[in-house]
2 protein chains.
Amino acid sequence: MATKPSGAGSKRARAAPQPAQEAPGEPPLSRDRIVATALELLDADGLDGLTMRRLADRLGAGVMSLYWHVDNKEDVLDLALDSVLDYRGPPQLDKPEDWRAEVVHMLEDWRASMLRHPWSTSLLPRRALGRNILSRLELLSKTLSGAGVADADLNAAIWSLWNYVMGATITRASFDVSNEDRAAAQQRLEQLSGPYPTIGRSRLLLDDDWDGAFRKGLGFLLDGLAPG
Amino acid sequence: MATKPSGAGSKRARAAPQPAQEAPGEPPLSRDRIVATALELLDADGLDGLTMRRLADRLGAGVMSLYWHVDNKEDVLDLALDSVLDYRGPPQLDKPEDWRAEVVHMLEDWRASMLRHPWSTSLLPRRALGRNILSRLELLSKTLSGAGVADADLNAAIWSLWNYVMGATITRASFDVSNEDRAAAQQRLEQLSGPYPTIGRSRLLLDDDWDGAFRKGLGFLLDGLAPG
DNA sequence: GCATGACTCGTACATCGTATGAGTCAACTT
DNA sequence: AAGTTGACTCATACGATGTACGAGTCATGC
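The structure reproduced in this document is the subject of the present report.

1. A look at the interface of chain A and chain B
Note on interface size: it is often stated as the accessible area lost on association of the parts.
Thought 1: With 48 residues of chain A at the interface, the matching set in chain B holds 49 residues.
Thought 2: Summed over both sides, the interface of chain A with chain B buries roughly 4700 Å², with 65% coming from carbon and sulfur.
Thought 3: Contact with chain B buries surface across chain A, with Glu 138, Trp 159 and Phe 220 of chain A losing the most and accounting together for 13% of the total.
Thought 4: Summed over the shared surface of chain A and chain B, the result is two salt bridges.

Following this line, the structure appears as structure tokens:
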């Protein structure tokens, strides 16, 4: 019985299994190559752009060959998502006491990494916690704990930041797609300003300093988490 | 040429168009009936449970009949989502000065409304702003403004709360689905507690007082927004 | 009595994820 | 040297989905 390398398996153990066709135009199929190509398709055409058939085509392989290396499409998406989220830490040599800058850096990088691949935002809600996500949470936990957040508040603090970042990122990505809708909504708002006078006046839906708003709101939250 | 009632159209104008079959078992098709039935299917079986064919079956109609009343499936989903989000305001007779309680009540209701229909959380990211969402934002804006939040901070404050609520709700719904995954992840964390000692120890992934964490984090954020 | 327009729906099509099982070929066993 | 195994590829096929197309029904207005 054949044993697939999928899941937590061993991938490919042997060194050079495919010396038959060494033409560099088509290197052998592999998990990594599949994920990399999936990323290309996702970046080019979004979630709908990723089709097992298209993926196989671009890899120069038959569709069903993919399923030897990968459980199913969901598996591909999981791998693609996690591959977007690795984090190499803040630029070294910051004064190591500045916990706040460290947190802000990591969270801004988190958001930026996902916005560089907008499809990832609609993927996140329903996926499991990959290694890279857990690493970020660990870093967050360690930093906040070192900054003096009480143990009893620690989990709530972490989840608050998580929630904020996820909400901001998902929102940003979704509004980016439907920019004209947003303008239309704001116009509707102002015309029949009866029902929505306040947000109509404050131009809530037209404010497009997303990065600034994210930083500002993050500041509010951190103020609340570690007052003084 | 037939004119469909879809979009911002007139729906059905006439009073009793279908006296032919008055059997109460099958009232005439209508936008409202379609949305109501879609809600049933979504609540019962989630996003995958909603199929145009299943929807039509349950309505006792042919599949293509739906398309007279509705543009496409996305239209159905938009309507279903918005129908979940209406808000009737806080229980009257609270002391009207307590802006904080008012905000908390609205946001907790927002979250609760969506969690009562978990499919709505995976729908939200990519949909336009319906009337009910705008109403909530308007209320939020008015209340915060009245509470003394500076005009320059107002939009950032609103978006911060939005982000927090969306992130919390989406996260909660997604973890609810994959509870076993969560437990498995925590176990993995504790066993090979090398890479993730802090969040392993704090049992971050096992803490299931979601409501408490939501309230607590919201408190942090409000503290930051309106200090003192 | 006939045209109109509101509404219904059967059929058909393209596309999707993937189950099944046969095929290829290198490495290992004997 | 012959045979076995197991890693890997892939053609075919199936069931499901959203919806375009166009023919049907039927109450109403002229």
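Further notes follow.
2. With respect to the protein's contact with DNA strand C
Thought 1: Arg 53 and Lys 73 of chain A together with Met 64, Ser 65 and His 69 of chain B are the nearest of the 20 residues found near DNA strand C.
Thought 2: The protein-proximal atoms of DNA strand C, defined as those within 4 Å of the protein, are 48% sugar or phosphate.
Thought 3: Arg 53 of chain A is positioned with one of its side-chain polar atoms (N or O) 2.5 Å from a base nitrogen of DNA strand C.
Thought 4: Taking Tyr 67 of chain A, its side chain carries an N or O atom lying 2.9 Å from a phosphate oxygen of DNA strand C.
Thought 5: Of all the secondary-structure elements, those providing two or more residues to the surface near DNA strand C are helix 2 (52-59) of chain A together with helix 3 (66-69) of chain B.
Thought 6: Per-class residue counts for the surface near DNA strand C are eleven nonpolar, six polar and three charged.

3. Observations regarding the side chain of Ser 141 of chain B
Thought 1: Along the polypeptide, Ser 141 of chain B turns up in helix 7 (residues 131-146).
Thought 2: Every residue in contact with Ser 141 of chain B, bar those within four places of it in the chain, is listed here: Thr 198 and Ile 199 of chain A together with Leu 154 and Ile 158 of chain B.

4. Description of the protein's contact with DNA strand D
Thought 1: Inspection of the region around DNA strand D gives 20 residues, with Met 64, Ser 65 and His 69 of chain A together with Arg 53 and Lys 73 of chain B positioned closest.
Thought 2: Across the atoms of DNA strand D situated within 4 Å of the protein, the share located in sugar and phosphate is 50%.
Thought 3: Between Trp 68 of chain A and DNA strand D, the recorded distance is 3.3 Å, taken from a side-chain N or O atom to a phosphate oxygen.
Thought 4: Here a phosphate oxygen of DNA strand D and a side-chain polar atom of Thr 51 of chain B are 3.2 Å apart.

5. Observations concerning the packing of aromatic side chains
Thought 1: With the rule as written, the count across this model stands at eight aromatic pairs over all chains.
Thought 2: Their ring planes at 40° and their centres at 6.0 Å tell us that Trp 210 of chain A and Trp 159 of chain B sit as a pair that is tilted. Of this pair, Trp 210 of chain A sits in helix 11 (residues 210-225) while Trp 159 of chain B sits in helix 8 (residues 151-177), each in a different chain. When sorted by exposure, Trp 210 of chain A lands in the same class as Trp 159 of chain B, which is buried.
Thought 3: Relative to Trp 162 of chain B, the ring of Trp 159 of chain B lies with its centre 5.6 Å away and its plane at 85°, an arrangement referred to as edge-to-face.

6. Section: the relation of the copies chain A and chain B
Thought 1: When chain A is fitted onto chain B, the two copies agree to an RMSD of 0.1 Å after a turn of 180° and an axial shift of 0.0 Å. Seen this way, the second copy is the image of the first under a two-fold rotation axis.
Thought 2: When the interface residues of chain A are mapped onto chain B, 100% of them again fall at the interface, so both copies present the same face.

7. Quick notes on the environment of Thr 143 of chain A
All names here are of chain A.
Thought 1: With respect to the secondary-structure elements, Thr 143 resides in helix 7 (residues 131-146).
Thought 2: Overall, Thr 143 belongs to the buried group, its relative accessible area being 10%.
Thought 3: Along the primary structure Thr 143 and Glu 97 are separated by 46 residues, whereas in three dimensions their C-alpha atoms are 9.8 Å apart.
Thought 4: Aside from chain neighbours lying at most four places away, what touches Thr 143 is Trp 99, Glu 102 and Val 103.

8. A short note on the packing of helix 1 (residues 31-45) of chain B against helix 4 (residues 73-84) of chain B
Residues and elements named next belong to chain B.
Thought 1: It is the contact of helix 1 with helix 4, at a shortest axis distance of 9 Å, that shows an interaxial angle of 80°. Between helix 1 and helix 4, the crossing angle belongs to the class labelled roughly perpendicular. Contacts between helix 1 and helix 4 involve Arg 31, Val 35, Ala 38, Leu 39 and Leu 42 from the first element and Asp 75, Val 76, Leu 77, Leu 79, Ala 80, Ser 83 and Val 84 from the second.
Thought 2: In terms of residue class, the contact of helix 1 with helix 4 is made up of nine nonpolar, one polar and two charged.

Reading the values: rules and limits
Residues numbered from 1 in each chain as written. Chains lettered and ligands numbered in written order. Predicted model: local features only at pLDDT ≥ 70, side-chain atom pairs only at ≥ 80, totals over all residues. Heavy atoms only, no water. Contact = heavy atoms within 4.5 Å. Buried area = accessible area lost by both parts, 1.4 Å probe. Salt bridge = Lys/Arg side-chain N within 4 Å of Asp/Glu carboxyl O. Near = heavy atom within 4 Å. Polar contact = N/O pair within 3.5 Å; in protein donor to acceptor, adjacent residues only side chain to side chain. Helix = DSSP H or I, 4+ residues; strand = E, 2+ residues; numbered from the N terminus. Nonpolar A, V, L, I, M, F, W, Y, C, P; charged D, E, K, R; others polar. Phe/Tyr/Trp six-rings, centres within 6.5 Å; stacked < 30°, edge-to-face > 60°. Buried < 20%, exposed > 50% of the residue type's maximum accessible area, 1.4 Å probe, protein only. Least-squares fit on C-alpha atoms with pLDDT ≥ 70 in both. Axes fitted to C-alpha atoms, helices over the stretch in contact; angles between N-to-C directions. Parallel < 35°, antiparallel > 145°, perpendicular 65-115°, else oblique.

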